[in-house]
Amino acid sequence: MGDLHNLSVKALAKLLQSKEVSAVEVATRFLARMGGNPHHAFLDIDSEATLTQARASDAKLANGTAGPLEGVPIAHKDVFVTRDFATTAGSKILSGYRSPFDATVIERLRNSGMVTLGKLNCDEFAMGSSNENSAYGDVTNPWDTSRIPGGSSGGSAAAVAARLAPAATGTDTGGSIRQPASFCGITGIKPTYGRASRYGMIAYASSLDQAGPMARSAEDCALLLSAMCGPDLDRDSTSLDVPVENFLAKLGDSIKGLRIGIPKEFFSEGLAADVRKAIDAALKTLEAQGAKLIPITLPRTELAIPVYYIIAPAEASSNLSRFDGVKFGHRTKDYTDLVSMYKKSRAEGFGEEVKRRIMTGAYVLSHGYYDAYYLQAQKIRRMIADDFQRAFADCDVIAGPVAPTVAWKLGNNASDPLADYLADIFTLPASLAGLPCMSVPVGVGESNMPVGMQLIGNYLSEARLLNVAHQYQLATDHHLQKPEGI
Ligand code: GLN
């Protein structure tokens, strides 16, 4: 079993069910690979906690009570609260925090039998596109360690690409599953808003936040998505009351006659030539498989940037008010009264980008500016969602790039937060509309760095999206490529 770490979630599950390997053996292999914390992907590793879960899985496999993914390891983005591991959301303000409960997504994956390998580095409170906003240091891209892995789920993408974990959870508010998946050459899906429970997922912008799996193939994502989604009506008021599908059962439909919408705004000047070339080739492959390419327009694509960077900070400024140093998290050592305690705890605990967003958010919500900014942004958000509905009258799925370029060098945008915001242009529209969307590896661009193609579907069409990606992956091997030396 020399290459256990190269096996898919599906293959590992099969070997575990047939008892060809034990959960402890599998966990031990991955823990060994995680030694020294390559790429600084992890924020918390606790071998004993992992092995305890693996031993429990082996007991279930032995006594016939195993779940479908029993013993398969997974690592979690550090914005999901977990009982067995610390949770920081990449922030100093939660340094050493231990949750008394598991997030619903974690609970579901545990109930299906998955073993937790540890918690993954991310941008502080999921605010960022490069993972450089983590309070605990940068994550490096396994394809080129002088480059960013993407963000905010950068640790998740790096861990899966470097075979430190067969799969990981991520969260996507404006692109944080799709963009790092694209930059690290893996597959990731953000489901329809409301599919995955937000209970226990530390809130950034609640009307946009959604959890999803990051793995090496669409097939593995389908398996994981079926396990992690489903109604959670008592604990998340925005949870959708629709049954979870077995997304795996839907893989296999031919894509003959599938209408793929190509938004002209996604292929504008800002798109780097190397990325365009890889996406064009992928579209040709889909065409050869029987799909039809239909030109469409998403005319408000550019407006998604200002709209998102008003709405998300507005919600963040409210969500993050709970971090005050009173009941949990960092409390300053040196204060005179309650207000000075709040002020100093927050000043010491939050990083620069988080403070910038809290201030922007408070500003756009304040008296006199609410109508001019927040309300206008909400109106345009609705128009962006309507544009998608008009487009879906002519096509079944939409395809385009995930990001305008391949992963950039660490430190490149360090003094220019706006540069990072602008690079979110292709992922923000689907987030604002709450649509399911994914990233699929389609080859490499400049400097041999991976390129991801984005697929966007209409509400609740995850099964179709995953099938399109799966059909593409049956015909190509881009998703099987790995970084040199791994
Ligand atoms: N890059 C975007 C931001 O900084 C998206 C982050 C996310 O999806 N969590 O807000």
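Since the structure is predicted, the reported quantities are computational estimates derived from the model, not experimental observations.

Calculation rules
Residues numbered from 1 in each chain as written. Predicted model: local features only at pLDDT ≥ 70, side-chain atom pairs only at ≥ 80, totals over all residues. Heavy atoms only, no water. Helix = DSSP H or I, 4+ residues; strand = E, 2+ residues; numbered from the N terminus. Rg over C-alpha atoms; globule rule 2.2 N^0.38 Å. Buried < 20%, exposed > 50% of the residue type's maximum accessible area, 1.4 Å probe, protein only. Areas by Shrake-Rupley, 256 points an atom, 1.4 Å probe, with all protein chains shown as cover. Lys, Arg positive; Asp, Glu negative; His and termini not counted. Charge placed at Lys NZ, Arg CZ, Asp CG, Glu CD. Near = heavy atom within 4 Å. Polar contact = N/O pair within 3.5 Å; in protein donor to acceptor, adjacent residues only side chain to side chain. Nonpolar A, V, L, I, M, F, W, Y, C, P; charged D, E, K, R; others polar. Salt bridge = Lys/Arg side-chain N within 4 Å of Asp/Glu carboxyl O. Axes fitted to C-alpha atoms, helices over the stretch in contact; angles between N-to-C directions. Parallel < 35°, antiparallel > 145°, perpendicular 65-115°, else oblique. Contact = heavy atoms within 4.5 Å. Core = buried A, V, L, I, M, F, W, Y, C linked by side-chain atoms within 4.5 Å. Arc of directions from axis to C-beta. Phe/Tyr/Trp six-rings, centres within 6.5 Å; stacked < 30°, edge-to-face > 60°.

Asker: How should the overall build of the protein chain be read in this particular structure?
Answerer: Helix and strand content of the protein chain: 15 helices and 11 strands. Radius of gyration (C-alpha) of the protein chain: 21 Å, near the 23 Å computed for a compact globule of 486 residues. Dimensions of the protein chain, computed from the C-alpha atoms along their principal axes, are close to 60 × 55 × 45 Å. Sorting the 486 residues of the protein chain into buried and exposed places 60% on the buried side. Of the roughly 17,800 Å² of accessible surface on the protein chain, 53% is carried by carbon and sulfur atoms. Here the protein chain carries 48 positive and 52 negative side-chain charges, and the mean point of each set is 2 Å from the other.

Asker: For this particular structure, what's the right way to read the site of the ligand?
Answerer: Taken together, 15 residues are adjacent to the ligand, and Gly174, Ser176, Tyr204, Tyr308 and Arg357 come closest. Contact distances for the ligand include 2.8 Å between a nitrogen atom and a backbone N or O atom of Ala126. Gly128 places a main-chain nitrogen or oxygen 2.9 Å from an oxygen atom of the ligand. Expressed as a share of its isolated accessible area of 300 Å², the protein-covered part of the ligand is 99%. Classifying every residue of the shell around the ligand by side-chain character gives 5 nonpolar, 7 polar and 3 charged.

Asker: Help me out: how do you make sense of the pattern of salt bridges in this one?
Answerer: A pair can form between side chains of opposite charge whenever their charged atoms are brought close. In the structure shown here, the tally under the stated rule is 21 salt bridges. Across the pair Glu107 and Arg235 runs a salt bridge, and its minimum N-O distance is 2.8 Å. With Glu107 in helix 4 (residues 104–111) and Arg235 in the loop between helix 7 (218–228) and strand 7 (259–263), this residue pair connects regions lying 128 residues apart in the sequence. Among the salt bridges present, the one from Arg178 reaches Asp172, with a minimum N-O distance of 2.9 Å. On the basis of relative accessibility, which here comes to 0%, the residue Arg178 falls in the buried class. One salt-bridge network, held together by shared partners, links Arg195, Glu245, Lys250 and Glu462.

Asker: Can you walk me through the packing of helix 4 against helix 7 in this structure?
Answerer: How two helices sit against one another is set out by the angle between their axes and by the gap between those axes. Two elements in contact, helix 4 and helix 7, have axes separated by 8 Å at closest approach and are oriented at 110°. When the interaxial angle is binned, helix 4 and helix 7 end up roughly perpendicular. Residues Val105, Arg108 and Leu109 of helix 4 form the contact with helix 7, whose participating residues are Leu224, Ala227 and Met228. Its residues assigned to classes, the contact of helix 4 with helix 7 comprises 5 nonpolar, no polar and 1 charged.

Asker: Is there a simple way to explain the nonpolar core in this structure?
Answerer: The nonpolar side chains of a soluble globular protein tend to be buried with one another. Among the nonpolar cores identified, the biggest contains 152 residues, and Phe125 and Phe388 are the most heavily contacted of them. Here the element with the most residues in this core is helix 9 (residues 304–319); it accounts for 10 residues. Dropping the residues within four chain positions of it, Phe125 is found in contact with Ala89, Ser91, Ile93, Leu94, Ile202, Tyr204, Leu320, Phe323, Phe350 and Val354.

Asker: Looking at this model, I keep getting lost on the packing of helix 11 (residues 352–365) against helix 12 (residues 370–391). Mind explaining?
Answerer: Packing of helix 11 against helix 12 leaves a shortest axis separation of 7 Å and a crossing angle of 105°. Between helix 11 and helix 12, the angle falls in the class roughly perpendicular. Contacts from Tyr363, Val364 and Leu365 of helix 11 reach helix 12 at Tyr370, Tyr373 and Tyr374. Of the residues assigned to the contact of helix 11 with helix 12, the class counts are 6 nonpolar, no polar and no charged.

Asker: Looking at this structure, how should I read helix 1 (residues 9–17)?
Answerer: An α-helical turn contains 3.6 residues, so any two residues separated by three or four positions project in the same direction. Those residues of helix 1 that sit buried are Val9, Leu12, Ala13, Leu15 and Leu16. Looking straight down helix 1, one finds its buried side chains confined to an arc of 165°; they lie on one side. Buried-residue contacts for helix 1 involve helix 2 (23–34), helix 3 (47–63), strand 2 (73–77) and helix 7. Backbone geometry just downstream of helix 1 places Lys19 in the positive-phi region, at approximately 60°.

Asker: Help me understand the side chain of Ser182 in this model?
Answerer: Structurally, Ser182 can be placed in helix 6 (residues 178–184). Excluding residues within four positions of it along the chain, Ser182 makes contact with Val402, Ser439, Pro450, Val451 and Gly452.

Asker: Got a minute to help me understand the environment of Trp408 in this structure?
Answerer: With respect to the helices, strands and loops of the structure, Trp408 is situated in the loop between strand 9 (397–401) and helix 13 (417–422). A C-alpha to C-alpha distance of 8.5 Å links Trp408 and Gly150, two positions 258 residues apart in sequence. The residues contacting Trp408, other than those within four sequence positions of it, are Ser129, Ser130, Arg147, Ile148, Gln179, Phe183, Asn413, Asp420 and Ala423.

Asker: Explain the packing of aromatic side chains to me, please; I cannot follow it from the model alone.
Answerer: Both the distance between ring centres and the angle between the ring planes are used here to describe each pair of aromatic rings. This model, assessed by the stated rule, comprises 15 aromatic pairs. Consider the rings of Tyr309 and Tyr421, whose centres lie 3.9 Å apart with planes at 15°: the pair is stacked. Here Tyr421 lies in helix 13 and Tyr309 lies in helix 9, a separation of 112 residues in the sequence. Residue Tyr309 shares its accessibility class with Tyr421, and that shared class is buried. Site record: aromatic cluster; members linked through ring pairs are Tyr97, Phe125, Phe323, Phe328 and Phe350.

Asker: Looking at this structure, how should I read unusual backbone geometry?
Answerer: Negative phi characterises most residues that are not glycine, and trans characterises most peptide bonds. In this model, Gly151 is joined to Ser152 through a cis peptide bond whose omega is 5°. Within the fold, Ser152 resides in the loop between strand 3 (115–120) and helix 5 (154–161). Even without being a glycine, Asn37 presents a positive backbone phi close to 50°.

Function-wise, these values are silent; they only describe arrangement.
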